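Working through the structure, step by step
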Amino acid sequence: MNILFFLTPKAMCAYVDADDTIREAMGRMEASGFTALPILDRAGGYCGVLTEGDLLWAVKRLCVMDLRQTEQHGISEIQPRRKIQPVRVDTRVEDLLSVAAEQNFVPVVDDKGAFIGIVTRSSILKYFQERFFPEQA
């Protein structure tokens with residue numbers, strides 16, 4: 001089985017741009033309803049993941065007392081508490097499972113490092129539930 005079976009394509013993913021301000025990133029995160037978003041550079045390359053916790057700790061570390069101040073700081077100033085490594089599009093499903101066990105979603109990149117989408121842990125679980133426990137699906 002190919003991991004593309006589980007892929008949510010980039011066009012359907014929420015993400016932040018590497019040159020966004022903290023305020024812009026907060027707005028995108030709020031609008032999406034997700035607590036973690038991939039960070040992409042201008043060329044569409046994967047740079048990492050931004051989490052609510054990362055934002056919270058950055059606001060504390062930068063001593064931001066007014067929301068308007070978040071417009072003066074870029075997400076490049078944020079030190080992520082956890083580095084989320086992407087998988088390549090040709091990754092085996094067995095290897096994908098071990099990565100997905102540790103995080104809610106797994107970023108997927110092509111052979112040039114361009115972000116092509118994510119695989120969510122819930123999509124993997126739904127597949128296995130439907131396959132092995134169809135009466136409960």
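A brief look at the structure comes next. Worth saying up front: this structure is predicted, and the values here are computed from it rather than measured. (Residues numbered from 1 in each chain as written. Predicted model: local features only at pLDDT ≥ 70, side-chain atom pairs only at ≥ 80, totals over all residues. Heavy atoms only, no water.)

Moving on: the packing of helix H3 (residues 93–100) against helix H4 (residues 121–132). The angle between the axes and the distance between the axes are what describe a pair of packed helices. One way to put it is that H3 packs onto H4 with a least axis distance of 10 Å and a crossing angle of 120°. It follows from the interaxial angle that H3 and H4 lie oblique. Relative to H4, the crossing made by H3 is left-handed. Residues Leu96, Leu97 and Ala100 of H3 form the contact with H4, whose own contacting residues are Arg121, Ile124 and Phe128. Residue classes in the contact of H3 with H4 are distributed as 5 nonpolar, no polar and 1 charged. (Axes fitted to C-alpha atoms, helices over the stretch in contact; angles between N-to-C directions. Helix = DSSP H or I, 4+ residues; strand = E, 2+ residues; numbered from the N terminus. Parallel < 35°, antiparallel > 145°, perpendicular 65-115°, else oblique. Left-handed = near helix turned anticlockwise from the far one by under 90°. Contact = heavy atoms within 4.5 Å. Nonpolar A, V, L, I, M, F, W, Y, C, P; charged D, E, K, R; others polar.)

Moving on, we get to the sheet that holds strand E3 (residues 36–40). Within the open sheet, the 3 strands sit side by side as E2-E3-E4. Their pairing is mixed. Both edges of this open sheet fall to strand E2 (16–17) and strand E4 (46–51), since each of them pairs with a single strand only. Relative to E3, E2 is paired through 2 bridges, and the arrangement is parallel. When the bridges of E3 are listed, Asp17 appears paired with Leu40. The sheet strands contacting helix H1 (residues 22–32) are E2, E3 and E4, and the helix crosses E3 at an angle near 130°. (Pairing = 2+ DSSP bridges.)

The next point concerns the environment of Leu50. Mapped onto the secondary structure, Leu50 falls in strand E4. Along the backbone, Leu50 and Pro38 are 12 residues apart, and their C-alpha atoms lie at a distance of 6.2 Å.

A few words on the pattern of salt bridges. A complete count under the given rule lists 8 salt bridges for this structure. Asp17 serves as the salt-bridge partner of Arg28, at 3.2 Å between the closest nitrogen and oxygen. Here the residue Arg28 occupies a position in helix H1, and Asp17 occupies one in strand E2, the gap between them amounting to 11 residues. Overall, Arg28 belongs to the partly exposed group, its relative accessible area being 34%. Its salt-bridge partner being Arg92, residue Asp95 comes within 3.1 Å of it at the nearest N-O pair. Residue class for Asp95 comes out partly exposed when judged on its relative accessible area of 33%. (Salt bridge = Lys/Arg side-chain N within 4 Å of Asp/Glu carboxyl O. Buried < 20%, exposed > 50% of the residue type's maximum accessible area, 1.4 Å probe, protein only.)

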